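# Geometric and topological summary
What follows is each chain in one-letter form.
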Amino acid sequence: MIVLGIILALVGYFTTISILTTIGIILVVVGAVLTLLGTTGRAVGGRKVWY
C-alpha cells in the first residue's frame, strides 16, 4: 500500500494530475498507520499483519 501510494503520488506530481497526488498521499498515510499498528502488536480488524 505504501509503495502504491508513493508511485501514485509521483505520477500525479509529474503529470500534474492533482487527484492522483492526493490519493497517493492518502495511501501512504494509511499504509504507514497500519504498519505502525501492526508492529506494536495491536490487531486491526482481527489481523496483525496486512500483507
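Up top is the structure.
Residues numbered from 1 in each chain as written. Predicted model: local features only at pLDDT ≥ 70, side-chain atom pairs only at ≥ 80, totals over all residues. Heavy atoms only, no water.

Attention now moves to the environment of Ile26. Here Ile26 is to be found in helix α2 (residues 18-39). Spatially, the C-alpha atom of Ile26 lies 9.4 Å from that of Ile2, the residues being 24 residues apart in sequence. (Helix = DSSP H or I, 4+ residues; strand = E, 2+ residues; numbered from the N terminus.)

Moving on to unusual backbone geometry. Within the chain, Thr16 stands out as a residue other than glycine whose phi angle is a positive 55°. Considering the arrangement of structural elements, one finds Thr16 in the loop between α1 (2-14) and α2.

Let us now look at the packing of aromatic side chains. Summed over the entire model, instances satisfying the criterion amount to 1 aromatic pair. Ring centres of Tyr13 and Phe14 lie 5.3 Å apart, and the angle between their planes is 70°; this geometry places the pair in the edge-to-face category. In terms of burial, Tyr13 and Phe14 fall into one category: exposed. (Phe/Tyr/Trp six-rings, centres within 6.5 Å; stacked < 30°, edge-to-face > 60°. Buried < 20%, exposed > 50% of the residue type's maximum accessible area, 1.4 Å probe, protein only.)

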